[in-house]
Structure formats: C-alpha cells, structure tokens
Amino acid sequence: MKKILSTLALLGVLGFNGLALAEEEVVVVTDAPVAAEVAPAEAAPAEAAPAAEPAAVLSAGDTAWTIVATVLVLAMIIPGVALFYGGLVRTKNMVSVLTQVFVTTALMSVIWVVYGYSLAFTDGGSLNSYIGGFSKALLKGITPDTLLDGGTIPEYVFITFQLTFAAITPALIVGGFAERMKFSAVLAFLALWVTFIYIPIAHMVWGGGFLGELGAADFAGGTVVHLNAGIAALVGAIVVGKRLGYGKEAMPPHSITLTMIGASMLWVGWFGFNVGSELAADGVAGLALINTQAATAAAVLGWLFAEWLFKGKPSLLGAVSGAVAGLVAITPACGFLGPVGSLVLGFVASVIAFWAVTSLKAKLGYDDSLDVFGIHGVAGLIGAIGTGILMSADFGGVGYEEGTTMGSQLYAQAVAVGVTIVWGGIGSYILFKIVDLVIGLRVSEEAEREGLDTAEHGERAYHY
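This is a predicted model, so every value here is computed, not measured. (Residues numbered from 1 in each chain as written. Predicted model: local features only at pLDDT ≥ 70, side-chain atom pairs only at ≥ 80, totals over all residues. Heavy atoms only, no water.)

A. Just the overall build of the protein chain, in detail. Tallying secondary structure elements over the protein chain gives 15 helices and 0 strands in all. Looking at the protein chain as a whole, 53% of its 464 residues qualify as buried. When contacts within the protein chain are restricted to residue pairs at least 6 apart in sequence, those whose partners lie at least 24 apart make up 79%. When the accessible surface of the protein chain is summed, it comes to about 20000 Å², and 67% of that surface belongs to carbon and sulfur atoms. (Helix = DSSP H or I, 4+ residues; strand = E, 2+ residues; numbered from the N terminus. Buried < 20%, exposed > 50% of the residue type's maximum accessible area, 1.4 Å probe, protein only. Contact = heavy atoms within 4.5 Å. Areas by Shrake-Rupley, 256 points an atom, 1.4 Å probe, with all protein chains shown as cover.)

B. Quick peek at the layout of surface pockets. The calculated volume of the largest pocket comes to roughly 760 Å³. In terms of lining residues, the largest pocket is bounded by 31 residues, among which Leu317, Val357, Lys361, Ser369 and Asp371 are the most central. Those elements that place two or more of their residues in the lining of the largest pocket are helix H2 (60–88), helix H9 (283–311), helix H10 (316–330), helix H11 (339–364) and helix H12 (372–390). Tallying contributions element by element places H11 first for the lining of the largest pocket, with 5 residues. Classifying every residue of the lining of the largest pocket by side-chain character gives 17 nonpolar, 8 polar and 6 charged. (1 Å grid on protein atoms, 1.4 Å probe; cavity = no way out; pocket = protein on both sides within 12 Å on 5 of 7 lines; lining within 4 Å. Points joined across faces, edges and corners; volume = space filled by probe spheres on them. Nonpolar A, V, L, I, M, F, W, Y, C, P; charged D, E, K, R; others polar.)

C. Representation of a nonpolar patch on the surface in the model. A cluster of nonpolar side chains, Ile421, Val422, Ile426, Tyr429, Ile430, Ile434, Leu437, Val438 and Ile439, forms an exposed patch at the surface whose accessible area comes to about 860 Å². Structurally, Val438 is set in helix H13 (residues 406–438). Under the relative-accessibility criterion, Val438 is labelled exposed at 66%. (Patch = residues over 30% accessible without salt bridge, like charges linked within 9 Å, V, L, I, M, F, W, Y side chains within 5 Å. Salt bridge = Lys/Arg side-chain N within 4 Å of Asp/Glu carboxyl O.)

D. Structural context of the environment of Phe395. By secondary structure assignment, the location of Phe395 is in the loop between H12 and H13. With relative accessibility at 43%, the residue Phe395 sits in the partly exposed group. Setting aside anything within four residues of it in sequence, one finds Phe395 in contact with Gly341, Ile389, Leu390 and Met406.

E. Region of interest: the pattern of salt bridges. Evaluated as defined, the whole model comprises 8 salt bridges. Here Arg180 ties to Asp367 by a salt bridge, and the two come within 3.9 Å at their closest N and O atoms. Residue Arg180 is found in the loop between helix H4 (155–173) and helix H5 (183–206), and its partner Asp367 is found in the loop between H11 and H12; the two are separated by 187 residues along the sequence. Residue Asp371 is joined to Lys361 by a salt bridge in which the shortest nitrogen-to-oxygen separation is 2.9 Å. Taken together, the residues Asp371 in the loop between H11 and H12 and Lys361 in helix H11 connect sequence positions 10 residues apart. Three or more residues are tied together by salt bridges with common partners; here these are Arg90, Glu179, Arg180, Arg243 and Asp367.

F. Seen up close, the packing of H2 against helix H8 (residues 256–275). In contact at an axis separation of 7 Å, H2 and H8 are set at 155° when each is read in the N-to-C sense. The pairing of H2 with H8 is recorded here as roughly antiparallel in orientation. Considering how the two elements wind past one another, H2 and H8 form a crossing that is left-handed. Among the residues forming the contact of H2 with H8, the class breakdown is 20 nonpolar, 6 polar and no charged. (Axes fitted to C-alpha atoms, helices over the stretch in contact; angles between N-to-C directions. Parallel < 35°, antiparallel > 145°, perpendicular 65-115°, else oblique. Left-handed = near helix turned anticlockwise from the far one by under 90°.)

G. Structural detail: unusual backbone geometry. Cis rather than trans, the peptide bond between Ile78 and Pro79 has omega equal to 15°. By the element assignment, Pro79 lies in helix H2. Here Leu138, not a glycine, exhibits a phi torsion of approximately 60°, which is positive. Among the secondary structure elements, Leu138 is positioned in the loop between helix H3 (94–121) and H4. On the basis of relative accessible area, Leu138 is assigned to the exposed category, the value being 61%.

H. Region of the structure containing the packing of aromatic side chains. Tallying each qualifying case throughout the model produces 18 aromatic pairs. Between the aromatic rings of Tyr117 and Phe158, the centroid separation amounts to 6.1 Å while the plane-to-plane angle is 75°, which identifies the pairing as edge-to-face. Note that Tyr117 is positioned in helix H3 and Phe158 in helix H4, a separation of 41 residues in sequence. A residue is classified by how much of its surface remains accessible, and Phe158, at 0% relative accessible area, is buried. (Phe/Tyr/Trp six-rings, centres within 6.5 Å; stacked < 30°, edge-to-face > 60°.)

I. Up close: the confidence of the model for the protein chain. Residues at a pLDDT of 70 or more form 88% of the protein chain, whose mean pLDDT is 91. Confidence drops under a pLDDT of 50 for residues 2–44, and excluding neighbours within four residues, the segment shows 41 contacts in the predicted structure. (pLDDT = per-residue confidence, 0-100.)

J. Fine view of H10. Across its 15 residues, H10 extends 21 Å between first and last C-alpha, which sits within 8% of the 21 Å expected from 1.5 Å per residue. Taken across its 15 residues, H10 has 13 buried, putting it largely inside the fold. (Expected span 1.5 Å × (residues − 1).)

K. Region of the structure containing the nonpolar core. Membership of the largest hydrophobic core comes to 118 residues, with the highest contact counts inside it found for Trp112, Tyr117, Ile173, Met181, Phe189, Tyr198 and Phe273. The element best represented in this core is H5, accounting for 14 residues. For Phe273, the residues in contact, after removing those within four places along its chain, are Val73, Met76, Phe161, Phe165, Ile168, Ala220, Val225, His226 and Thr331. (Core = buried A, V, L, I, M, F, W, Y, C linked by side-chain atoms within 4.5 Å.)

Shown next as structure tokens:
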C-alpha cells in the first residue's frame, strides 16, 4: 500500500522531494547612488530560515473517492462475501454462513474503533517493529478537522477505509471451517485472531513496522489480507477436522446463482479495495484500476482453460473462482505493475490456484470447505512474489526504488511472505486450541447433520 507507507512510515519522504520551500533572498533597494558602499567582506550573510514542511491540505476529490472506495469494500463483505460463501454451502447451512459474515463485520468494526486502529497505525515505541501503541485508542485526539499525516484526506476517512480491510479478512477465514464450527467459537476465535495476528501484520507492513522498512511491496493487502486469511483458514480446517461425510457424500454448492452474484459484487467492490488504497484520485489510482481489471479477466480465462483441459467442461464455478484468484493476486501488485504484467500475473496465479484446489487439496486431504487457502492463500503468495519480479521496468512496471534490485526486492517480498505464514500459522493454531479448550470448536454430530441454520440459529434460508 504505497501511499499508506509513505504517509505513516516515512512522513514526507515520498511526494515532496522536488519542492523548493526555502524563501528567496530578499534584496533591499535604497536611495543610495549606484556606487553605493559595499558591505565589508568579513560580514557574514544572514542564514536562510529552515525550510518548513508544507501544511496538509484537504483535497475534496481525494476525500470523496476514498469514501466511495470505503463503501465499495464494505459491499464486498456484505453482501459480497456473504452471498459468495452462502451459495457454496449446502442449503441447511446458508443462514449460518450469512450470519457469521454479517456479525463478523460488526464485531471487527467495534474492535477497530476501540483499539485496532491505534495498534495498527501508531508508533509502538520500543515494540514499533511489530506493533503500534494505544495513543489513539477509542480514536482519542482525532476530530473531523484532523487530516491524515502528510495526506489530503480526513483521518476519520482513512480509519474507516482500513476498518473495512480489518473486517473482510476475518470474514474470509469463515470459509475454511464452514458448516461445522460453533457460532460462539467463530466469534471468539476471530476476535482473538484480528487482535494477535491481523493487527501486528498490518502494522509490520503498513504501519511503520519492520517489513515496511525492509521495503516489502504490498499495495492493497496480498500478505496482510489474503495470504494471512488463507493460512488461518488452512489451520482451522485441519484443527476443526473434516465435515461429516466428507469424501463420501456429495457436497455440491446449493446455489451457483448466488455464488455468481456474490463473486460479481466482489469484482466490482475490489476496485475500492485496490484503487482506493492509493488514497488519492491520481495517476497511480488509474494504474491500479486497469491492472485490477486486466489481471482478473486473464485469471477467469486461465482457470476456465485449465478446467476445460483437465476436466473436459468449463464451469461457471470455475470462472468465478478464477476471477477471485486474479483479484487476490493483483492486490499486492496493482500499483506497481504495468497492464501486460498484470495479465501475466492473473493468468499464472489462476492456473496455480486451480492446481491447488483440485490436486494439492486432494493429496494433502484437508477439508477447506470453500477453498480459502487454495485461492486466497495460494494466489496471495503468487501475487506477493510476482510483484517483486513484474514491477521491474523491464517488464513494464514502475521500477524499483533507487538502490533496489530485483534480487533485493524479491528478498523483501519473501521475508514478508515467510513472516505472514509463520506468524499467522503458529498464532492461529494456538488461538484455535485456546478457543477449543474454553468453548469447544465443533458443533455436535447431531447439530451438524441437522444443519447449523436450525441447530445454531433456529432459522431456515428457504421455506418450501
């Protein structure tokens, strides 16, 4: 997230380098004749006043666009993710998934306002490499007139924009253990997870932590959001265990129609996710716009062709899965690549995600209900690493920062990926075990067979 890094981690370093802010020397003209007396040579000239940093100025255009982007990301979650996931589960678990996504959005919003934003985006003192502090807990000291440091939008707008990221990431994890986990356990785990996994990773990458300082490029959340969620979903699928009848009973999606509608909302809303991360209505936002569309379109075709080749028939489910894989892959790269590089990244990530969902999953035997790891985790990893390569000017990208080579950029990307996998994987496992010990993760066998809609919520999605 290029602009966030510049405003929060390296204030004033990017975007202001070329401005001449020192005042011009003032020449005083008097009534003395031309042959006026020259000042003695030994008189020292007055020192120039130190250059002052330019005051932040509100931009109505940047503010308006970021507000729109925030609403688009919220629409990605509810109803986007909710319908996408809801259509993929069996009829008896439709209400359960909708409820989990909807309530997760509310829970994360409260956590973000109380302490999440402060821990992610303020200085953490001696621990700043890994976590922020509590100086803005409960949004202390922020007013409607407070502008983002070095930026052009109100800080409240930035807070809400980042809130939607903190909400969608836990909501994505729900797909890993769908149809078998207690609602109370879901909420407890996700509250702990956003606190101990998401917030530290967000700070490390975007909030002034060591991954951002290292130079890891993550424009809109390839590691922070997608790889992070994918790893947690994989761990959850393994710890909670397989669904009853998995591998023996058919468990097809109950409504491809709703899944397609949800995926379409994700595609549209993703422009808020990616383009909004520039926090400005400018040329880089335009680059992120075309890259997001190009990568997603190429990914649809990549998955479809792979499915056609290996399964004999192209499916709508395959097309929407490819779209999500492409959207995930381009997320960390959208402000750094050129359009051709985006086509390549989307196509490659989609084909690899297809392999992960159809072959890797079967070989390893885990039950990731809605393929969160296979799509978000794998495509997020490919996107993060691919960013380090395709951002090269040789491939049409924006090029590297001065003093950075492809090798050093790939090193930074690999470290960010490794930290996310290790921190997220080990941390998620510990948190699942804690919740299992205190609440219990899984519903009873009777409740699972009945369906979580009636067993957990006393409702049905359909009455016929």
